[in-house]
Amino acid sequence: MSIRPVSDSTIYRFPHAFISKKGEPIVVTLLDEPRRHRLIEMYLAFQPRPSFSGLPPADDQACTKWVESMIGRAINLVALSFDKGVVAHEALFPMEGQTCEMLDVVAASVQDCGIGSELARCGMQLAYELGFEKVLVSIEVANARARHVYRKCGFEDASEGDPEDMVLDLRAHRRAMSVCAADIMNARAVTIHPDQPCRQALETFVTRHVGTLPVVDGERRLVGILSTSDLLLPSKLAKRVRDVFTRQVVSVREDVLVAKVVRLLQSTGLRCIPVVDREMKLVGVIGRQDVLAYYAGQDRPRPAAPATGLAPQEPPSAPGTQR
Ligand SMILES: CC(C)(COP(=O)(O)OP(=O)(O)OC[C@H]1O[C@@H](n2cnc3c(N)ncnc32)[C@H](O)[C@@H]1OP(=O)(O)O)[C@@H](O)C(=O)NCCC(=O)NCCS
């Protein structure tokens, strides 16, 4: 079996941060020794016990033993909140062949905040990077929330065997995701220079129907993003782009795989991401429409201006360019 070691993960960078539906920053990371006890505490505090597929065990000792056995057997991810510590856990159990089984558990106090979905995406991405071909989850048919979360992440009801099983076929995923951003991006992005007046940017927003403009210097280096929200106050219109644009921008390198772009689009809520070369020169933009058009396999002629503008940018992990 050619499963790569976790440390070899090339696309996925831990820790991975995102904002929950309640606006709380959450960090997903691999379980390390110091957090082992926090994970056990999370399960001991889980209410009610047992609540899904007979888990977590009701007895404290049995519960601790069960968590320790997962730590020993599985690849473990935890989600951390600043004030509550470990709030969610995901385990990937390697099985026969290139299959793994996934378990996701979110502490009751923070369920329904988007943490389970993001953790499932992290686990899928990690399984994909480690070389697994199939991911299984076993969820009671009555567990509508969990089944909804996994279905949303691309899992399907298993066509044979246990009706509780849901399966994700990473082979199909791998085929679709193995092209580079440069292969499907829009190479004709409308841009703006920092010295240009905001009135000119306004004109571009209105006439080119874009929501955001990559800001590039004279050598076409990406220096930031200007969004329509930067111009909402009339006083801004008398200024230059350099006075109002956002310098922190999430961007991707042209050779990054579409798998990574899709994960970024999902986890940041961005509609579109600038694509740069090694020297940070803008070579295009890639958005949800580009990914969907690629999936649809349609050879649509590209319009002169991008059909999609760039959505407001999230603060990046410096320097913001994802490789
Ligand atoms: C299943 C579980 C991991 C999901 O995590 P979570 O953080 O609560 O999930 P999210 O907030 O990301 O998403 C919940 C989704 O379910 C939906 N949902 C909530 N209650 C639901 C219900 N009764 N029926 C259907 N969908 C429901 C929410 O609307 C949301 O969907 P949306 O994002 O499309 O709006 C978590 O609830 C949990 O730990 N449950 C107990 C353990 C378990 O059952 N694990 C699964 C076995 S592997």
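Refer to the preceding data block for the structure.
Computed from a predicted model, the values in this text were never measured in an experiment.

Residues in contact with the ligand amount to 21 residues; listed here are only the nearest, Q111, G116, S117, A144 and A146. For the shell around the ligand, the secondary structure elements donating two or more residues are β5 (99-106), α3 (115-130) and α4 (144-152). Top contributing element to the shell around the ligand by residue count: α4, with 6 residues. In the shell around the ligand, the residues fall into 11 nonpolar, 6 polar and 4 charged.

This part covers the sheet that holds strand β7 (residues 156-157). The strand order across the open sheet built from 8 strands is β1-β2-β3-β4-β5-β6-β8-β7, with neighbouring strands paired in mixed fashion. Edge positions in the sheet fall to β1 (16-19) and β7, since each has one partner strand and no second. Examined bridge by bridge, strand β2 (residues 25-30) and strand β3 (residues 75-81) share 5 bridges and lie antiparallel to one another. Each bridged residue has a counterpart across the sheet, and for I26 the counterpart in β3 is S81.

Running from amino to carboxyl end, α3 crosses α4 at an angle of 45 degrees, the nearest separation of the two axes being 10 Å. Taken together, the axes of α3 and α4 lie oblique to each other. The crossing of α3 and α4 is right-handed. Contact residues: α3 offers G116, S117 and A120, while α4 offers V149, Y150 and K152. Grouping the constituent residues of the contact of α3 with α4 by class yields 3 nonpolar, 2 polar and 1 charged.

Trans peptide bonds make up the majority, and among non-glycine residues the majority have a negative phi. The peptide bond linking Q47 to P48 adopts the cis configuration, its omega dihedral lying at -10 degrees. Residue P56 is bonded to the preceding L55 through a cis peptide linkage, with omega at -15 degrees. With respect to the helices and strands, the residue P56 is situated in the loop between α1 (33-45) and α2 (60-73). With a phi close to 65 degrees, D112 is a non-glycine residue in the positive phi region. The topology assignment puts D112 in the loop between β5 and α3. Even without glycine at this site, R220 takes up a positive phi of about 65 degrees. Within the secondary structure, R220 sits in the loop between β9 (212-216) and β10 (222-227). Look at R220 and you get partly exposed, because 16 C-beta atoms sit within 10 Å.

So, how was this worked out
- Here the residue numbers are simple positions, counted from 1 along each chain's written sequence.
- Confidence filtering applies because this is a predicted model: local features only for residues at pLDDT of at least 70, side-chain atom pairs given and counted only at 80 or more, and all residues used for totals across whole chains, interfaces and linings.
- Contact assignment follows one rule, namely that a residue is near a molecule or strand if its backbone-placed C-beta atom lies within 6 Å of it.
- Under the DSSP-based scheme used, a helix requires at least four consecutive residues in state H or I and a strand at least two consecutive residues in state E, with every element numbered from the N terminus.
- Any residue outside Ala, Val, Leu, Ile, Met, Phe, Trp, Tyr, Cys, Pro, Asp, Glu, Lys and Arg is labelled polar, Gly included; the first ten of those are nonpolar and the last four are charged.
- By definition, two strands form a pair when at least two bridges between them are found by DSSP.
- Every axis corresponds to a line fitted to the C-alpha atoms, with the helix fit spanning only the stretch in contact, and the corresponding angles, defined between N-to-C directions, vary from 0 to 180 degrees.
- Should an angle fall under 35 degrees it is taken as roughly parallel, and over 145 as roughly antiparallel, whereas 65 to 115 is taken as roughly perpendicular and any remaining angle as oblique.
- Handedness of each helix crossing follows the sense of rotation of the near helix against the far helix: counterclockwise by less than a right angle gives left-handed, clockwise gives right-handed.
- Residue pairs qualify as contacts under a 7 Å threshold applied to their C-beta atoms, which are placed from the backbone.
- Buried residues are those with 20 or more other C-beta atoms within 10 Å of their own C-beta, exposed residues have 12 or fewer, and partly exposed residues lie in between; C-beta atoms are placed from the backbone.

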